[in-house]
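Each chain, letter by letter, is given below.
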Amino acid sequence: MKNSISIVTAAFNECPGIISLVNHWLVFGENHPAIEAIEVIVCDDFSAMEQYDMLRQAFENNPQVTILRNEQNEGPGFSFARAIAQASHQWTLITDSDGQFPIENLDVMLPELWSSDASIAFTYRSRKFDNWINRFGQKASNKLCNAIYGSGLHDFSCAFKLVDTNLLKQLHFDARYMNYSLDHSGKLLETGRNFQEFEVKCSPAPARKRPLKAEYLRARNRLFYIVFLFFSVYLRKKRVIF
């Protein structure tokens, strides 16, 4: 079906919030006049067994919901890639499992996107709810990634994207952990396909206190990924690698 959507997300110990969220996504899709069919694919990244059982049991009799589970903790990038591989509808919505991106953002996106020849909808947040370390990191990575690709995306690290499923499944993603949104944006830009960019509303995600060491590791991994990105794009332009 042309106007059908697969929603994909990665989850780690997100119950019971993810259950309510998935139910809300389904109700939204089933009642939206422009959406012909909807499904949700959740890849559980080796959550605690009681968390996984709660999620699995909530949807075990619902054919619209697919629950995957990694055999060990693999990271959100890996989990998103697994979920994307299972998408069966015409369009795939990539979104986080913490509820920070209301599904109602599609009300603004769908009429314009589906009346155009664009295959990709990037989004950007006018306000980001995060600590200052991550806000600074996101702002810096946005400038660096746009410089690498010669692009002008407002928010390179915004996870909320709606993409033609056939196009999305052709891509090979590299990021295993928390740089998956940068990876998705970069790989989609490399396709050269037409895209649109939409401002979306976001809400504060549930607070997660991370120790300073964890914040340092996130910042370090972001830097490593951007360095990798720079050299991989440069070497492709120089025809050294495919």
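Further up the page is the structure itself.
Residues numbered from 1 in each chain as written. Predicted model: local features only at pLDDT ≥ 70, side-chain atom pairs only at ≥ 80, totals over all residues. Heavy atoms only, no water.

S.K.: Hey, could you go over the overall build of the protein chain for me, with residue numbers and the actual values?
M.R.: The number of helices and strands found in the protein chain is eight helices and seven strands. Against the 2.2 N^0.38 benchmark of 18 Å for 242 residues, the protein chain shows a C-alpha radius of gyration of 17 Å, consistent with a compact globule. With respect to the principal axes defined by its C-alpha atoms, the protein chain has extents near 50 × 45 × 35 Å. Taking all 242 residues of the protein chain together, 50% fall into the buried category. Partitioning the intrachain contacts of the protein chain with sequence separation of at least 6 by distance along the chain shows that 82% fall at a separation of at least 24. For the protein chain, the accessible surface area stands at approximately 12500 Å², while carbon and sulfur atoms represent 55% of it. Once the 27 positive and 26 negative side-chain charges of the protein chain are each reduced to a mean point, those two points are 10 Å apart. (Helix = DSSP H or I, 4+ residues; strand = E, 2+ residues; numbered from the N terminus. Rg over C-alpha atoms; globule rule 2.2 N^0.38 Å. Buried < 20%, exposed > 50% of the residue type's maximum accessible area, 1.4 Å probe, protein only. Contact = heavy atoms within 4.5 Å. Areas by Shrake-Rupley, 256 points an atom, 1.4 Å probe, with all protein chains shown as cover. Lys, Arg positive; Asp, Glu negative; His and termini not counted. Charge placed at Lys NZ, Arg CZ, Asp CG, Glu CD.)

S.K.: Give a description of the nonpolar core that names residues and reports values.
M.R.: Within the largest apolar cluster, 67 residues are counted, with the highest numbers of intra-cluster contacts made by Ile5, Val22, Leu106 and Leu162. Filtering out sequence-adjacent residues up to four positions away, isoleucine 5 remains in contact with Ile35, Ala37, Ile38, Glu39, His89, Trp91, Leu93, Leu106, Leu110, Trp114 and Leu162. (Core = buried A, V, L, I, M, F, W, Y, C linked by side-chain atoms within 4.5 Å.)

S.K.: Go over the pairing of strand S3 (residues 65-69) with me, naming the residues and quoting the values.
M.R.: In terms of strand pairing, strand S2 (residues 37-44) meets S3 through five bridges, oriented parallel. Bridge pairing in S3 places cysteine 43 opposite leucine 68. You can see the chain leave S2, run along helix H2 (residues 49-59) and come back into S3, and the turn it takes is right-handed. (Pairing = 2+ DSSP bridges. Right-handed = clockwise from strand over helix to strand, strands pointing away.)

S.K.: Outline the packing of helix H1 (residues 17-31) against H2, listing residues and values.
M.R.: In a packed pair of helices, the relevant descriptors are the angle between the two axes and the axis-to-axis distance. Contact geometry for H1 and H2: axes closest at 9 Å, N-to-C directions at 25°. On the basis of their axis angle, the class for H1 and H2 is roughly parallel. At the point where H1 passes H2, the crossing takes the right-handed sense. Between H1 and H2, the residues in contact are Ile18, Ile19, Val22 and Asn23 and Met54, Leu55, Ala58 and Phe59, respectively. Classifying every residue of the contact of H1 with H2 gives seven nonpolar, one polar and no charged. (Axes fitted to C-alpha atoms, helices over the stretch in contact; angles between N-to-C directions. Parallel < 35°, antiparallel > 145°, perpendicular 65-115°, else oblique. Left-handed = near helix turned anticlockwise from the far one by under 90°. Nonpolar A, V, L, I, M, F, W, Y, C, P; charged D, E, K, R; others polar.)

S.K.: Account for the pattern of salt bridges, naming residues and giving values.
M.R.: Enumeration according to the criterion identifies eight salt bridges in this entry. When the shortest N-O distance is used, the salt bridge between arginine 176 and glutamate 74 registers 2.5 Å. Highlighted residues: arginine 176 in the loop between helix H6 (165-169) and helix H7 (180-190) and glutamate 74 in the loop between S3 and helix H3 (76-85), separated in sequence by 102 residues. The class for arginine 176 is partly exposed, based on a relative accessible area of 38%. Judged by relative accessible area, glutamate 74 falls into the buried class, the value being 14%. Across the pair arginine 236 and glutamate 190 runs a salt bridge, and its minimum N-O distance is 3.4 Å. Note that arginine 236 is positioned in helix H8 (residues 212-237) and glutamate 190 in helix H7, a separation of 46 residues in sequence. In this structure glutamate 190 comes out as partly exposed when scored by relative accessible area, which is 36%. When salt bridges that share partners are traced, they join Asp53, Arg56 and Glu60 into one network. (Salt bridge = Lys/Arg side-chain N within 4 Å of Asp/Glu carboxyl O.)

S.K.: Lay out the side chain of threonine 123 in plain terms, naming residues and giving numbers.
M.R.: Its location among the elements puts threonine 123 in strand S5 (residues 120-125). In this structure the side chain of threonine 123 is engaged in a polar contact, spanning 2.6 Å, whose partner is the backbone oxygen of phenylalanine 160. (Polar contact = N/O pair within 3.5 Å; in protein donor to acceptor, adjacent residues only side chain to side chain.)

S.K.: Which residues make up the packing of H7 against H8, and what values do they have?
M.R.: Closest axis-to-axis distance for the H7/H8 pair is 11 Å, and the angle between their directions is 15°. In terms of orientation, H7 and H8 fall into the roughly parallel class. Crossing of H7 against H8: the hand is right-handed. Contact residues: H7 offers Leu182, Asp183, Lys187 and Glu190, while H8 offers Arg222, Tyr225, Ile226, Val233 and Arg236.

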